[in-house]
Amino acid sequence: MDQQVLVENTIVKIKQLPESKLMQVNDFVAFLLSRAEDKIMLEGIQKLASDSTAFEFLKEEDDLYTMNDLKEK
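Being a predicted model, the structure only gives us computed values, none of them experimental. (Residues numbered from 1 in each chain as written. Predicted model: local features only at pLDDT ≥ 70, side-chain atom pairs only at ≥ 80, totals over all residues. Heavy atoms only, no water.)

## Quick look at the overall build of the protein chain
Helix and strand content of the protein chain: 3 helices and 0 strands. When the elements of the protein chain are put in sequence order from the N terminus, they spell out α-α-α. By its C-alpha atoms, the protein chain is 80 × 25 × 20 Å across when sized along the principal axes. Evaluated residue by residue, the protein chain yields a buried proportion of 0% over its 73 residues. Only carbon and sulfur atoms are counted for the fraction: they give 59% of the accessible area of the protein chain, which is about 7500 Å². Each charge sign in the protein chain was given a centre, from 9 positive and 15 negative side chains, and these centres are 9 Å apart. (Helix = DSSP H or I, 4+ residues; strand = E, 2+ residues; numbered from the N terminus. Buried < 20%, exposed > 50% of the residue type's maximum accessible area, 1.4 Å probe, protein only. Areas by Shrake-Rupley, 256 points an atom, 1.4 Å probe, with all protein chains shown as cover. Lys, Arg positive; Asp, Glu negative; His and termini not counted. Charge placed at Lys NZ, Arg CZ, Asp CG, Glu CD.)

This is the structure in structure tokens:
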């Protein structure tokens, strides 16, 4: 079923609902849109963080301690 047909079928069903149920549908759709926006934003933040070179210096950091520095083995 393509999106246009699904939207039209949903609209026909929504028009049959009483106002109180229509308000619930509206709230639910707003919730779904909010979650979708949050997911897009989170994915964008994750991409920015993974592409960032802000912490590259940590990869090149020398080891501060070796096995010889241990008091007990």
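## A short note on the pattern of salt bridges
Oppositely charged side chains can pair when the atoms bearing their charge come close. According to the stated counting rule, one finds 1 salt bridge in the structure shown. Salt-bridge contacts for Asp51 lead to Lys47; the nearest nitrogen and oxygen are separated by 2.7 Å. In this pair, Asp51 and Lys47 are both assigned in helix H2 (residues 19-51), 4 residues apart and thus about one turn of the helix distant. (Salt bridge = Lys/Arg side-chain N within 4 Å of Asp/Glu carboxyl O.)

## Quick word on the environment of Asp2
Examined against the element boundaries, Asp2 turns out to sit in the segment before helix H1 (3-15). Along the sequence, Asp2 and Gln46 sit 44 residues apart, while their C-alpha atoms lie 31 Å from each other.

## With respect to a nonpolar patch on the surface
Together, Met1, Val5 and Leu6 make up a nonpolar patch on the protein surface, roughly 320 Å² of accessible area in all. Here Leu6 shows up in helix H1. (Patch = residues over 30% accessible without salt bridge, like charges linked within 9 Å, V, L, I, M, F, W, Y side chains within 5 Å.)

## Quick notes on the confidence of the model for the protein chain
Of the residues in the protein chain, 100% have a pLDDT of 70 or more, and the chain-wide mean is 90. When the elements of the protein chain are averaged for pLDDT, helix H3 (residues 56-59) gives the smallest value, 79, and H1 the largest, 95. (pLDDT = per-residue confidence, 0-100.)

## Topic: the environment of Val7
Structurally, Val7 is set in helix H1. Val7 gets classed as partly exposed once you look at its relative accessible area, which sits at 37%. It is 17 Å that separates the C-alpha atoms of Val7 and Asp27, two residues lying 20 residues apart in sequence.

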